[in-house]
Structure formats: structure tokens, C-alpha cells
Amino acid sequence: MLSASGPTEGHIKRPSDGKEPKTWSSSSQAILTKDHCPDSQSYVFYMDIRSPGKMFDEFTRRAQEEYEARYIRGRVSMVYPKGDKLV
């Protein structure tokens, strides 16, 4: 989605309606989204955080502290539309 040669020319847009998202999930996507959309808020829902690669713990901490990604431990039970947002 962030590729300059991609369908959105490097801009983050929802495929459903073409609008810029204001909420996001996952560490690397959270950092990239905050860089592109500074007023966005990212949420990462997890059961267990695993650190498979070198410096992954540092990357996760950086996403939380510098990019204000909110990590929420638990299991998502349902996602449903509410207006133009997903809850």
C-alpha cells in the first residue's frame, strides 16, 4: 500500500472507500502509518508477543513509546461497522 508505484501512489487509503484511515494495527504498519498520517492512532491486539528477529523487542517498544501505538492484550471477539468506522 505504501509503494509509490502502487495503486495508491504511496498514500494510505482504505480499499473500501478510498479514505485515509485514522486507526491502524500491527507494529511496522503502525510506525509507517504515523509517518504518513501523523494524526492517526494505531492499535495492536495480541495474545502473546513473540520476538523472532534481532531487535524486535526494541522495535515494539519504539512503536509504543515514540509512535504512540496502543498494545492491547486479549482476543478480538467481534469486528463490526459503526458509521464509517470499524469497532
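In the nomenclature of an unreviewed UniProt entry, the protein chain corresponds to CoB--CoM heterodisulfide reductase iron-sulfur subunit A family protein from the organism Aduncisulcus paluster.

Participant: Could you clarify how one ought to interpret the pattern of salt bridges in this entry?
Facilitator: Oppositely charged side chains are able to pair whenever their charged atoms sit close together. For the coordinates displayed, the defined rule picks out six salt bridges. The partner of Arg 73 in a salt bridge is Asp 48, and the shortest N-O contact between them spans 3.4 Å. Of this pair, Arg 73 sits in strand 3 (residues 70-73) while Asp 48 sits in the loop between strand 2 (41-46) and helix 2 (56-65); the two residues are 25 residues apart in sequence, bridging distant segments of the chain. Residue classification places Arg 73 among the exposed positions, given a relative accessible area of 59%. For Asp 48, a relative accessible area of 49% gives the class partly exposed. Across the pair Glu 65 and Arg 61 runs a salt bridge, and its minimum N-O distance is 2.3 Å. One end of the pair, Glu 65, and the other, Arg 61, are both in helix 2, four residues apart, so they sit about a helical turn from each other. Taking relative accessible area as the criterion, Arg 61 reaches 29% and is therefore assigned partly exposed.

Conventions and cut-offs
- Residues numbered from 1 in each chain as written.
- Predicted model: local features only at pLDDT ≥ 70, side-chain atom pairs only at ≥ 80, totals over all residues.
- Heavy atoms only, no water.
- Salt bridge = Lys/Arg side-chain N within 4 Å of Asp/Glu carboxyl O.
- Helix = DSSP H or I, 4+ residues; strand = E, 2+ residues; numbered from the N terminus.
- Buried < 20%, exposed > 50% of the residue type's maximum accessible area, 1.4 Å probe, protein only.

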